[in-house]
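Structural description and commentary
Here are the chains, one letter per residue:
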Amino acid sequence: MGATSNASPAPLNSALSSFPSLKALKFTTKQQELLIRVSALALIYVLAFVVRLFSVLRYESMIHEFDPYFNYRTTLFLTKNGFSEFWNWFDSESWYPLGRIIGGTLYPGLMVTAALIHRILHFFSFAVHIREVCVLTAPFFASNTTLVAYFFGKEIWDSGAGLVAAALIAICPGYISRSVAGSYDNEGVAIFALLLTFYLFVKAVNTGSLAWSLASAFGYFYMVSAWGGYVFIINLVPLYVLVLLVTGRYSMRLYVAYNCMYVVGMLLAMQIRFVGFQHVQSGEHMAAMGVFFLLQVFYFLDWVKYILNDIKLFHSFLRITLTCAITVGVLALSIGTASGYISPWTGRFYSLLDPTYAKDHIPIIASVSEHQPTAWSSFMFDFHILLFLFPAGLYFCFKRLSDATIFVVMYGLTSMYFAGVMVRLILVAAPAMCLVSSIAVSATVKNLSSLVRAKSKSPQGSGKPLSGSKAAAKASADQSLPFQKNGAIALLLGALYLLCRYAIHCTWVTSEAYSSPSIVLAARGHGGGRVIFDDYREAYYWLRQNTPPDAKVMSWWDYGYQITAMGNRTVIVDNNTWNNTHIATVGRAMSSYEHEAYEIMLSLDVNYVLVVFGGVTGYSSDDINKFLWMVRIGGGVFPVIKEPDYLVNGEFRVDKGAAPKMLNCLMYKLCYYRFGEMTTEYGKPPGYDRVRGVEIGNKDIKLEYLEEAFTTSNWIVRIYKVKPPKNRW
Amino acid sequence: MAKGTNDAQLLVQSLRKAYAATPTSLKIIDLYVVYAVATALIQVAYMAMVGSFPFNSFLSGVLSCVGTAVLAVCLRIQVNKDNKEFKDLPPERAFADFVLCNLVLHLVIMNFLG
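Per-chain numbering applies: the sequence of each chain, read as written, is numbered from 1 onward. Chains carry letters from A onward and ligands carry numbers from 1 onward, assigned in written order. A pLDDT threshold of at least 70 governs which residues receive local features in this predicted model, and a stricter bar of 80 or more applies before side-chain atom pairs are shown or counted, although totals over entire chains, interfaces and linings include all residues. Excluded from the side-chain calculation are hydrogens and water; included are all heavy atoms of the structure.

As recorded by an unreviewed UniProt entry, chain B carries the name Dolichyl-diphosphooligosaccharide--protein glycosyltransferase subunit DAD1 and is attributed to Rhynchospora pubera. Entered under Subunit (unreviewed entry) in the UniProt record, the comment concerning chain B runs "Component of the oligosaccharyltransferase (OST) complex." UniProt positions are given in the numbering used here, feature names are shortened, and annotations may be inferred rather than shown by experiment. Per UniProt, chain B carries the Sequence similarities (unreviewed entry) text "Belongs to the DAD/OST2 family."

Chain A is annotated in an unreviewed UniProt entry as dolichyl-diphosphooligosaccharide--protein glycotransferase of Rhynchospora pubera. Chain A has a UniProt comment under Catalytic activity (unreviewed entry) that states "a di-trans,poly-cis-dolichyl diphosphooligosaccharide + L-asparaginyl-[protein] = N(4)-(oligosaccharide-(1->4)-N-acetyl-beta-D-glucosaminyl-(1->4)-N-acetyl-beta-D-glucosaminyl)-L-asparaginyl-[protein] + a di-trans,poly-cis-dolichyl diphosphate + H(+)".

Written out as structure tokens, the structure reads:
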């Protein structure tokens, strides 16, 4: 290519010497194509970053939601105290009085990545605060994901499909929902690691090189360090190997790729303390080990068959080996499972296989809104045209089956199944949808544009005399071409229209639904102007500045991370939810009468209680709406709390007709204290709860063991101080 | 019964004859694999006798043997002239990959030994 590029501009230059600038830059077609590809990729890279910046521009550069606050606090600790302190950190400021071994119970990938970026920026004298780095980590890695998607698309189909895949995943709402600026959560980095691992593995299978397999092992290590969803990789890859073995598409390259990735990847993964020995002890990882041993047996038999040219002898050898291998395998598996050494599937992952399991057995998992099964509207909302491009892409994949397309098809189908079981897992399905859809788009557009560019055959006037049928056939061939060309142009315009609508939909969805920080609420005031409710931060900063440093705060577990990160106070339970009994104790306290709850609070050394109440503003994610989950979780451990006590005819009410236990429990009293005198809406009686839409039942609330410490300006967060016990005579 | 033992004898003989035809370099790699697997089995037997504490040391020992055996088999596959898929791969590159992967494997093992 270098020779031709040197040859072509020279004569052109001499010929067109009178036309400088643009003509002199005449590139060859290959160079033009490269230029277009590189500039398209650069634009996609920037687009993926910029589309995620809505909330930074509308509000400010802050961390969203709940979990990211924990990640931020740990990253802050890491940058201040170094890796060794971080890796061995025992935190006594949460889960009082138990504490939490943070070093051994988190996935460090995200924090280490952000701290590394921070250090590199400081090395180049960009003195940015770690919070800015944390806020923008997810969009940065989303941009990197588009690059990986391009290379992956190039690997499975061609570079056109790669470009389309990069463009689709840059704005796909399913991915944006968890990687918007400010959403400093594991998934932002984990999806990049997931796609990278898959790409490197497919590359290893395609080339059979040990180096690529080693790279995929490192990709797997990064994924294990970043997110608990690595279990998907360690089960999908063995399943893929099994499918290849069964369909007879196995080759030596598969052996090299899988073995190196499994052994080195497993060893690297065990370096993360949170994962520990799960790769050899947990039921979720046994598929990989089983396939590993199966591969050894399979390829050993294959080699013996090759060196022994006699079929009969080989059959007898086969019989012996197979019986030995199967007996040993079944024996090991049954002893392991029966003795309990191989632990069964944990509740978190078992509820993916049996969606009804969590509701009956583990209320904490069932209560999280992200774990609910997905509705069709969510699919349409998060995927738009990808929903019907996915089956079209599957068709193209099956038309041109190769090792790589089989992998992408399996990834797509399994991830779609799991996305249907749990809303949160739409995120894992998003890259698969984009890849498979890109094949459909690229192949269709290629076919259509080749039809458009095909030159129509000119009728040969002075040719040899043709027979009648031949002339008729030729005439009909000539006739079908112009309609074909028009049809192709129409279809191309249709495809362009669809892709434009996709882009518009994605931008609208990002702007409306996925860019709210959750910690700052916005609404439209009477005059149409925007009203901001910053109550959460107001309350946390009040805690930080007005309470003694060793004060302990009791609240529902949703707010734990935020209280420790922003309020800098010890909490009783937080979002980690690792101890169900402790959470049930808090739930029991919230749903008991005040004197019973006081006993529990004294036993836990609680100084302040924090509740969230939306009755004044109409904010519906408050503690009264979550109250039944507190009752269920508390009742799951302490049978003295019975859910029917709080319901009237199975209905949850807070007005005059509510159950007496409901009207006098601690949560009710703390939320509605002094609310009975407040007028919230014009024309409604005082004490009208705007969320439940009723006038509350018990307006005259007196607190005996607590006193009100602080209520935010819109009554969203209310803090109460626990009075010390009375002196005994 | 006699036919069974006859069959087995015939099997072993033809296996031995076929194996003798393989080149010496591949036989050296096979010897290395057998040595690694034997070491792993010895370690498992020792663990069965004295118990598995500390587990990370046991795992790192066994996995280093298994890992290096598997990598040697991969090297054998890539170097074997009968494999059509790898005929473009120079054996030096295969050996360099083998050395690199072993290096990474043993570095991780040393971190994991505890």
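**Regarding the overall build of chain B**
Starting at the N terminus, helices and strands are each numbered in turn, a helix being any DSSP run of H or I of at least four residues and a strand any DSSP run of E of at least two. A tally of regular secondary structure across chain B gives 4 helices and 0 strands. Ordered by position in the sequence, the α and β elements of chain B form the string α-α-α-α. Radius of gyration: over C-alpha atoms. The globule rule applied is 2.2 Å multiplied by the number of residues raised to the 0.38 power. Computed over the C-alpha atoms, the radius of gyration of chain B is 18 Å, more than 25% above the 13 Å expected from 2.2 N^0.38 for a compact globule of 114 residues. Taken along its principal axes, the extent of the C-alpha atoms in chain B is 50 × 45 × 20 Å. Partly exposed residues are those whose accessible area sits between 20% and 50% of the maximum for their type, while under 20% is buried and over 50% is exposed, using a 1.4 Å probe and protein chains only. Counting across all 114 residues of chain B, residues that qualify as buried make up 39%.

**Side note on empty space enclosed by the protein**
All names here are of chain A. A cavity here means a set of 1 Å grid points, computed over protein atoms only, where a 1.4 Å probe fits but cannot escape. A pocket is an open set with protein on both sides within 12 Å along at least 5 of 7 lines, and lining residues have an atom within 4 Å of a point. Grid points are joined across faces, edges and corners, and a volume is the space filled by probe spheres set on the points. Scanning the model with the defined rule gives 1 cavity of 30 Å³ or more in all. Counted as a void, the largest cavity has a volume near 50 Å³. Lining the largest cavity are Y220, I233, I234, V237, P238, Y258, M261 and Y262. Elements that contribute at least two residues to the lining of the largest cavity include exactly α12 (230-246) and α13 (252-269). As a working rule, the residues Ala, Val, Leu, Ile, Met, Phe, Trp, Tyr, Cys and Pro are called nonpolar, Asp, Glu, Lys and Arg charged, and the rest polar, with Gly in that last group. Of the residues contributing to the lining of the largest cavity, the split by class is 8 nonpolar, no polar and no charged.

**Section: the packing of helix α21 (residues 386-399) of chain A against helix α22 (residues 403-421) of chain A**
All names here are of chain A. Axis angles are defined between N-to-C directions and span 0 to 180 degrees, where every axis is a line fitted to C-alpha atoms and, for a helix, only to the segment in contact. The N-to-C vectors of α21 and α22 enclose an angle of 150°; their axes lie 9 Å apart at closest approach. When the axes of α21 and α22 are compared, the pair comes out roughly antiparallel. Crossing hand, α21 versus α22: left-handed. Along its contact with α21, which presents F390, L394, C397 and F398, the element α22 presents T405, V409, G412, L413 and M416. By the definition adopted for this analysis, an angle is roughly parallel if under 35 degrees, roughly antiparallel if over 145, roughly perpendicular if from 65 to 115, and oblique otherwise. Two helices cross in a left-handed way if the nearer one is turned anticlockwise from the farther one by less than a right angle. They cross in a right-handed way if the turn is clockwise. Contact criterion: two residues are considered in contact whenever any of their non-hydrogen atoms come within 4.5 Å of each other.

**With respect to the nonpolar core**
The set of buried Ala, Val, Leu, Ile, Met, Phe, Trp, Tyr and Cys residues whose side-chain atoms join them within 4.5 Å is what this entry labels a nonpolar core. Membership of the largest hydrophobic core comes to 239 residues, with the highest contact counts inside it found for A:F152, A:F198, A:L610 and A:Y672. Beyond its immediate stretch of four places on either side in the chain, A:F152 contacts A:L195, A:F198, A:Y199, A:V202, A:F407, A:V408 and A:L435.

**Details of the packing of helix α10 (residues 186-207) of chain A against α13(A)**
All names here are of chain A. Their axes nearest at 7 Å, the elements α10 and α13 cross at an angle of 145°. Note that α10 runs across α13; the crossing there is right-handed. Contacts from T197, F201, A204, V205, N206 and T207 of α10 reach α13 at R253, L254, A257, Y258 and M261. Taken together, the residues that form the contact of α10 with α13 break down as 7 nonpolar, 3 polar and 1 charged.

**A few points about the UniProt feature "transmembrane region" (unreviewed entry) in chain B**
Residue and element names in this part refer to chain B. Mapped onto the present numbering, the UniProt feature "transmembrane region" (unreviewed entry) falls at residues 31-49, 55-75 and 95-113. For the annotated span residues 31-49, helix accounts for 100% and strand for 0% of the residues, and the straight-line distance between the end C-alpha atoms is 27 Å. Between the C-alpha atoms that bound residues 55-75 the distance is 30 Å, and the span itself is 100% helix and 0% strand.

**Focus: the interface of chain A and chain B**
Across the boundary between the two partners, chain A contributes 36 residues, which contact 35 residues of chain B. By convention, the term buried area covers the 1.4 Å-probe accessible surface removed from two parts as they join, with the contributions of both added. Taken together, both faces of the contact between chain A and chain B bury some 3000 Å²; the carbon and sulfur share is 81%. When the area that chain A buries against chain B is broken down by residue, the three leading residues are A:L210, A:L267 and A:L313, summing to 19%. Elements with a contribution of two residues or more to the side of chain A that touches chain B: α11 (210-226), α13, α14 (278-281), α15 (286-307) and α16 (311-339) of chain A. A per-element tally of the side of chain A that touches chain B places α13(A) first, with 11 residues.

**A look at the state of the cysteines**
The bond known as a disulfide is covalent and runs between the sulfur atoms of two cysteines. Residues and elements named next belong to chain A. By definition, disulfides here are pairs of cysteine sulfur atoms that lie within 2.5 Å. Applying the stated rule across the entire model yields 0 disulfides over all chains. No disulfide involves C397; its sulfur sits 14 Å from the nearest other cysteine sulfur, which is in C434. For C397, a relative accessible area of 0% puts it in the buried group.

**Here we look at a nonpolar patch on the surface**
Side chains of A:L116, A:I120, A:F123, A:F124, A:F126 and A:V128 sit close together on the surface and give an oily, nonpolar patch of about 660 Å² of accessible area. In this fold, A:I120 is placed in helix α6 (residues 109-123). A patch consists of residues exposed above 30% relative accessible area that lack any salt bridge, with like charges linked at up to 9 Å and nonpolar side chains (Val, Leu, Ile, Met, Phe, Trp, Tyr) linked at up to 5 Å. All accessible-area figures derive from a Shrake-Rupley calculation using a 1.4 Å probe, and residue coverage is judged against the displayed protein chains alone. Definition used for salt bridges: Asp or Glu carboxyl oxygen within 4 Å of a side-chain nitrogen of Lys or Arg.

**Description of the pattern of salt bridges**
Residue and element names in this part refer to chain A. As enumerated under the stated definition, the model contains 24 salt bridges over all chains in all. With a shortest N-O distance of 2.5 Å, E695 and K699 are connected by a salt bridge. Salt-bridge contacts for D700 lead to K702; the nearest nitrogen and oxygen are separated by 3.2 Å. Each member of the pair D700 and K702 is classed as exposed. Put simply, R178, D185, E187 and R424 are held in one network by salt bridges that share partners.

**Quick word on the confidence of the model for chain A**
Residues and elements named next belong to chain A. Looking at any residue, its pLDDT shows the predictor's confidence there, from 0 to 100. Per-residue pLDDT for chain A has a mean of 87; in total, 93% of the residues score no lower than 70. Counting interchain partners and residues more than four positions distant, the pLDDT-below-50 stretch residues 1-10 has 6 contacts. Segment residues 458-469: pLDDT under 50, and 3 contacts once partners within four positions in sequence are set aside and those in other chains are kept.

**Observations regarding the environment of A:S449**
All names here are of chain A. With respect to the secondary-structure elements, S449 resides in helix α23 (residues 426-453). Residues S449 and P173, 276 residues apart in the sequence, show an inter-C-alpha distance of 29 Å. Any pair of N or O atoms that falls within 3.5 Å is considered a polar contact. Within protein, one atom must be able to donate a hydrogen and the other to accept it, and sequence-neighbouring residues count only if both atoms are side-chain atoms. A polar atom in the side chain of S449 sits 2.6 Å from the backbone oxygen of V445.

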